[in-house]
Amino acid sequence: MNFDDTLQEAEFRATARAWIAANAPKQYEEELRKSSLGRTQLKNANILEVAKAWQKKKADAGWACLHWPKEYGGRGSSPIERVIWQQEEGPFGQLSRMFIIGHGMCGPTMMAFAREEHKRAYLPPLASGEKVWCQLFSEPAGGSDVAGLRTRAEKDGDDWVINGQKIWTSGAHYSDYGILLTRTDPTVPKHKGLTMFFLDMKSPGVEVRPIKQASGASDFNEVYFTNVRIPDHQRLGEVGDGWNVSLTTLMNERSAIGAAVSTGFPELFEYCSSLMLDDGPAIEDRAVRAKLASWAAKASGLKYTSMRAISALSKGERPGPENSIGKLVAGSMIQDVATYALDLQGAAGVISGAEDSELAGRFQAMLLRAPGTRVEGGTDEIMRNIIAERVLGLPGDIRVDKDVPFNRILTKGRG
Amino acid sequence: MNFDFSDDQKQLRDQARKFLTEKCPPKAVRAVLDGKAPYDKDLWKGLAEMGFLGVAIPEEFGGAGAGHLELCVIAEEMGRANAPVPFSSTVYLAAEALLIAGSDAQKKKWLLAIASGEAIGTLALFEGKGNPSPKTIKLTAANGMLNGVKKPVADGAIADFAVVAARTGSSGRDGDISLFIVDLRAGGVEVKSLTNLDPTRGQAEITFRDCKAEPLGAAGEGWSILTQVLDRAAVLCAFEQVGGSDRALEMGRDYALDRIAFGRQIGSFQAVKHMLADMYVSATLARSNSYYGAWALSTNAAELPEAAAAARISATQAFQHCAKNNIQVHGGMGFTWEFDCHMYYRRANAMALGLGSLSYWEDQLIDRMRKKNAA
Ligand SMILES: Cc1cc2nc3c(=O)[nH]c(=O)nc-3n(C[C@H](O)[C@H](O)[C@H](O)COP(=O)(O)OP(=O)(O)OC[C@H]3O[C@@H](n4cnc5c(N)ncnc54)[C@H](O)[C@@H]3O)c2cc1C
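Every value quoted in this text rests on a predicted model; they were computed, and no experiment measured them.

## Quick notes on the overall build of chain A
Okay, step 1: The helix and strand tally for chain A stands at 12 helices and 10 strands.
Okay, step 2: Scaling as 2.2 N^0.38, a compact globule of 415 residues should have a C-alpha radius of gyration of about 22 Å, and chain A matches this with 22 Å.
Okay, step 3: Viewed in the frame of its principal axes, chain A has a C-alpha envelope of about 75 × 55 × 45 Å.
Okay, step 4: When each of the 415 residues of chain A is scored for burial, the buried share is 50%.
Okay, step 5: Counting only contacts in chain A whose residues sit at least 6 apart along the sequence, the fraction spanning at least 24 positions is 73%.

## Quick notes on the overall build of chain B
Okay, step 1: Of regular secondary structure, chain B possesses 11 helices and 10 strands.
Okay, step 2: Its C-alpha radius of gyration of 20 Å places chain B within 12% of the 21 Å reference for a compact globule of 375 residues.
Okay, step 3: Over its C-alpha atoms, taken along the principal directions, chain B stretches across nearly 75 × 50 × 40 Å.
Okay, step 4: Buried residues in chain B amount to 59% of all 375 residues.

## A short note on the environment of A:M251
Okay, step 1: Assignment of secondary structure puts A:M251 in helix 7 (residues 242-260).
Okay, step 2: Ignoring anything within four residues of it in the chain, the contact list for A:M251 reads A:P319, A:G320, A:P321 and A:R390.

## Comments concerning the packing of aromatic side chains
Okay, step 1: Under the criterion given, the structure shown has 32 aromatic pairs over all chains.
Okay, step 2: Taken together, a centroid distance of 4.9 Å and an interplanar angle of 75 degrees make the contact between B:F5 and B:Y291 edge-to-face. Taken together, the residues B:F5 in the segment before helix 1 (7-23) and B:Y291 in helix 8 (residues 270-299) connect sequence positions 286 residues apart. Across this residue pair, the class does not change: B:F5 and B:Y291 are buried.
Okay, step 3: Between B:Y255 and B:F339, the aromatic rings sit 6.2 Å apart at their centres with planes inclined by 90 degrees, giving edge-to-face as the arrangement. In this pair, B:Y255 is assigned in helix 7 (residues 222-258) and B:F339 in the loop between helix 9 (304-334) and helix 10 (341-354), connecting sequence segments 84 residues apart.
Okay, step 4: A relative accessible area of 25% means that B:F339 is categorised as partly exposed.
Okay, step 5: Following the ring pairs from residue to residue traces out a cluster consisting of A:F3, A:Y304, B:F3, B:F5, B:F239, B:Y291, B:Y292 and B:W295.
Okay, step 6: Sitting over the ring of A:W63, A:R75 keeps its end group 3.8 Å from the ring centre.
Okay, step 7: Across from the ring centre of B:Y291, 4.8 Å away, lies the NZ or CZ of A:R308, which sits over that ring.

## Regarding the nonpolar core
Residues and elements named next belong to chain B.
Okay, step 1: Core analysis: the biggest nonpolar cluster contains 170 residues, and L47, F87, L146 and F208 have the highest contact counts within it.
Okay, step 2: Examining the composition of this core, we find that 12 residues originate from one element, helix 7, more than from any other.
Okay, step 3: With residues near it in sequence (within four places) discarded, L146 still touches L139, T140, A141, V164, A166, F180, V182, F208, R209, D210, C211 and A213.

## Focus on the pattern of salt bridges
If charged atoms from side chains of opposite charge come close, those side chains can pair.
Okay, step 1: All chains considered together, the criterion is met by 50 salt bridges over all chains.
Okay, step 2: Between A:R17 and A:E88 there is a salt bridge; the shortest N-O distance is 2.8 Å. Taken together, the residues A:R17 in helix 1 (residues 7-23) and A:E88 in helix 4 (residues 79-89) connect sequence positions 71 residues apart.
Okay, step 3: Taking the relative accessible area as the measure of exposure, A:R17 reaches 47% and is therefore partly exposed.
Okay, step 4: Notably, a salt bridge pairs B:R201 with B:E240, separated by 2.9 Å at the nearest N-O pair. Here the residue B:R201 occupies a position in the loop between strand 6 (189-194) and strand 7 (203-212), and B:E240 occupies one in helix 7, the gap between them amounting to 39 residues.
Okay, step 5: Judged by its relative accessible area of 0%, B:E240 is buried.
Okay, step 6: Connected through salt bridges with shared partners, the residues A:D5, A:R13, A:R17 and A:E88 form a single ionic network.

## Things to note about the site of the ligand
Okay, step 1: Near the ligand there are 21 residues, and of these A:S144, A:W168, A:T379, A:E381 and B:Q270 occur at the shortest range.
Okay, step 2: The site occupied by the ligand is bordered by residues of chains A and B.
Okay, step 3: In this structure, an oxygen atom belonging to the ligand sits 2.7 Å away from a side-chain N or O atom of A:T379.
Okay, step 4: A distance of 2.7 Å separates an oxygen atom of the ligand from a polar side-chain atom of A:E381.
Okay, step 5: Alone, the ligand offers 970 Å² of accessible surface; in the complex the protein occludes 69% of this.

## A few points about the interface of chain B and chain A
Okay, step 1: Listed per partner, the contact involves 45 residues of chain B and 48 residues of chain A.
Okay, step 2: Approximately 4300 Å² of surface area, both sides summed, lies buried where chain B meets chain A, with 64% of it carried by carbon and sulfur atoms.
Okay, step 3: Per-residue buried area on chain B facing chain A is highest for B:M1, B:F3 and B:K273; these three make up 19% of the total on that side.
Okay, step 4: The interface formed by chain B and chain A holds 7 salt bridges in total.
Okay, step 5: Linking B:D367 and A:R289 is a salt bridge whose minimum nitrogen-to-oxygen distance equals 3.0 Å.
Okay, step 6: Elements that contribute at least two residues to the side of chain B that touches chain A include exactly helix 7, strand 10 (264-265), helix 8, helix 9 and helix 11 (358-374) of chain B.
Okay, step 7: Considering every element that reaches the side of chain B that touches chain A, the biggest residue donor is helix 8 of chain B, with 17 residues.
Okay, step 8: Residues that form the side of chain B that touches chain A fall into these classes: 21 nonpolar, 13 polar and 11 charged.

## Quick word on the packing of helix 8 (residues 265-274) of chain A against helix 10 (residues 324-345) of chain A
For any two helices packed against each other, one specifies the crossing angle of their axes together with the interaxial distance.
Residue and element names in this part refer to chain A.
Okay, step 1: Following both chains from N to C, one finds helix 8 and helix 10 inclined at 20 degrees, their axes separated by 10 Å at the closest point. Judged by the angle between their axes, helix 8 and helix 10 are roughly parallel. You can see that helix 8 and helix 10 cross each other, and the crossing is left-handed. Counted together, F265, L268, Y271 and C272 of helix 8 and M333, V337, Y340, A341, L344 and Q345 of helix 10 form the full contact between these two elements.

## Quick word on unusual backbone geometry
Okay, step 1: Cis geometry marks the peptide bond from B:K151 to B:P152; its omega dihedral reads -5 degrees.
Okay, step 2: You can see B:P152 is positioned in strand 3 (residues 145-154).
Okay, step 3: The residue A:N227 is not glycine, and still its phi comes out positive at about 45 degrees.
Okay, step 4: Residue position: A:N227 is located in strand 7 (residues 220-231).
Okay, step 5: Of note, the phi angle at B:F262 is positive, near 50 degrees, even though the residue is not glycine.
Okay, step 6: With respect to the helices, strands and loops of the structure, B:F262 is situated in the loop between strand 9 (260-261) and strand 10.
Okay, step 7: For B:F262, a relative accessible area of 80% puts it in the exposed group.

Thresholds, definitions, all that
Within every chain, residues take consecutive numbers counted from 1 along the sequence as written. Chain labels run from A onward and ligand labels from 1 onward, assigned in the order the entries are written. It should be noted that, the model being predicted, local features are given only for residues of pLDDT at least 70 and side-chain atom pairs only at 80 or more, the latter also being counted only at that level, while totals for whole chains, interfaces and linings use all residues. Where side-chain values are given, they derive from all heavy atoms of the structure, hydrogens and water being excluded. Labels follow the DSSP assignment, with helices taken as runs of H or I lasting at least four residues and strands as runs of E lasting at least two, numbered in each case from the N terminus. Taken over C-alpha atoms, the radius of gyration is set against a globule rule of 2.2 Å times the number of residues to the power 0.38. Partly exposed describes any residue whose relative accessible area lies between the buried limit of under 20% and the exposed limit of over 50%, with all areas from a 1.4 Å probe on protein chains only and scaled to the type maximum. Residue contacts are counted whenever heavy atoms from the two residues lie within 4.5 Å of one another. Stacked, tilted and edge-to-face are the three classes applied to pairs of Phe, Tyr and Trp rings, where Trp contributes its six-membered ring and a pair requires centres within 6.5 Å; stacked means planes under 30 degrees apart, edge-to-face means over 60, and tilted covers the rest. Ring-over charges, as used throughout, are those where CZ of Arg or NZ of Lys falls within 6 Å of the ring centre and within 35 degrees of the ring normal. Side-chain atoms within 4.5 Å link the members of a nonpolar core, which is a set of buried Ala, Val, Leu, Ile, Met, Phe, Trp, Tyr and Cys residues. A pair is scored as a salt bridge if a Lys or Arg side-chain nitrogen falls within 4 Å of a carboxyl oxygen belonging to Asp or Glu. Proximity is defined per residue: if any heavy atom of the residue lies within 4 Å of a molecule or strand, that residue is considered near it. Whenever a nitrogen or oxygen atom comes within 3.5 Å of another N or O atom, the pair is scored as a polar contact, on the condition that within protein one atom can donate a hydrogen and the other can accept it, and that pairs from neighbouring residues in sequence are kept only if both atoms are in side chains. All accessible areas in this document rest on Shrake-Rupley with a 1.4 Å probe, and a residue is counted as covered only by the protein chains that are shown. Buried area counts how much accessible surface, traced with a 1.4 Å probe, disappears from two parts once they are put together, with both parts' losses summed. Any residue that is not Ala, Val, Leu, Ile, Met, Phe, Trp, Tyr, Cys, Pro, Asp, Glu, Lys or Arg is counted as polar, Gly included; the first ten are nonpolar and the last four charged. Comment: axis = line fitted to C-alpha atoms, over the contacting stretch for helices; angle = value between 0 and 180 degrees taken between N-to-C directions. Roughly parallel refers to an angle under 35 degrees, roughly antiparallel to one over 145, roughly perpendicular to one between 65 and 115, and oblique to any angle outside these ranges. Crossing handedness: left-handed means the near helix sits turned counterclockwise from the far one by under a right angle, and right-handed means the same turn made clockwise.

Spelled out as structure tokens, the structure:
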């Protein structure tokens, strides 16, 4: 067991640090450092543009998507080098959150299932942030039950014709490409009739409508498909094998989101260190300390759990279902942390405007974004199911739609 | 960076697990629980023969000289087996105090006796209610004589010697406290067994009346030594707690697969599945924190105080959580004496208190984080 850099790792760290010091967009450093879940806007700049510029700069110098193979725009780095990079990139790493779906989910799926010429054509501009990707899985009728989706793909010559609707598609409004899960055969049980594609989001017949979220922001969208044509060579995996392809995406999603998700703890600790209560600093209050300590132990537990996962990865093991733990723990933690930070402010905790509120509305923004964390990428309940079934080996839920052809299963609870 | 035990260490774990599965079945734990013996003597002898008692003791003092990572591996297995032996008091507390502060002669005498299984040791720190603090120590030492009462003392009734915390000054500060080694078989010592939550690890009251004692470490440095001992023990106990959590989770999982209700395995009910998933989550967080603690302990890193407190909190919460929900998964059966669930429930709740309670370690963690941030 060893936490110190090897000689090689230390050298890598030094090179990365020097490059970042010379190239990062430092004018945004403070703002990025103070941004937290729910609040990653820049005051005087468009964050997407800043993110794209930084990503491009990294790609040109060979620092983008470190663990991807070089021929696809990466650096061929080890998992540990990737961690070192993240540590050194610090607050500037916030910018790459804009690409998390493309880099964390679409890219790996393309790498596993796309044709070689497509990988060489599409992956490097994805790595460099020039092209943004989205993930078109969820539908009004199929979120947790992804396989319950209804968007149809019908073969027409060498093309597929797509009709239907997706929902909650993050970043679709600024995406260039997407991976799309469709139903190609409604006469077989739901998991067997799915097929995966990738497509150009500018294709005729694709319409993106932003949705205003509970938090007030609009990061996700509805996407409508009307006779959209996708050439067969953009199919990922076999016809009818879309479920398996999507499992690759979802598994990567859990480790990508799990590793990146924030807990709110550093923000709360900092806050309690400076906050004065009636009878002294908050951090000297017994009740406050007890809560902080419990969360501190959770946050460090998560950190070292992901270190263990990275150690396993560097020994050649694959990311497994145990990665579901990150989002499950962090999701409800950030919600509790934000609630508590506001509780400490008393009545004033309600004020959320950046100018009027303590800490510029940071915890209010966190609180309003947190419910989404517990839903996106699989709800808490689905995460617990995964752990129970795939890690602990408990029986799967009883499925009443199991062997029933898709076009004969129930679609509405009442009436 | 490599955040895992080595293959050799994993092999040692397998070896320890195999040994304990054979020599420490639940029936052996029960014999102690039922009061047939104060601890499992055969197991203790076996542990000595396997070299487990002295695994982190240097060879020159009779140990295997392997190190603390190896001790962590064994600690996990001791917790998993719920071993009814004075392992934590002897190996984590007494031996660590000697390793940190003992003179060459003291180490030769006592560490050798620990490694060979001839001596059981303990730490006599508490004096009734309250968490570790120099203020709570009233027992005095003057002219090499101790006077006062310690309780509870873990395994005090079976221990051959104790490291005793005593007051040697009156400034009201940490520097008032010094440590002593006392041969508990000598005169001036009166030992009384106390009933407690977990009879598989006994507790005692020890009265010292003009009892001869030998200083351990420099006068006035007792508190700083104790802090180090408690930090190390916190990591080692965390591994026992992780082992116990894992075993409780495993028992719950197995029962959920076997038991049928409403025509289904109860493990197919989501409320039960999710309860077990949450047990897995807390056990995993505790394991990861403990690994970090193990690294800090084995390298004597500056991070040890913070890592130890986080491991302690996480492992205490996990073991309590897993042990109580293991009973819940077992339903009425889980609440019978006959099933093993309560043994883990007892151990989890007793261990939560032994080195200072959860709230004490929470307080410590925040103190230590603040110090680090200030530095
Ligand atoms: C911020 C955000 C971003 C998103 N981004 C994307 C994206 O980019 N691309 C994309 O494809 N999707 C995206 N989603 C959609 C997301 O994946 C789904 O919302 C999620 O999987 C839940 O599905 P649902 O909304 O249909 O809820 P439902 O499945 O209807 O769930 C409703 C409730 O029922 C519970 N439930 C459902 N099934 C079970 C079960 N088997 N056992 C126990 N409880 C169950 C759920 O846990 C939940 O509490 C995003 C969602 C959010 C909030």
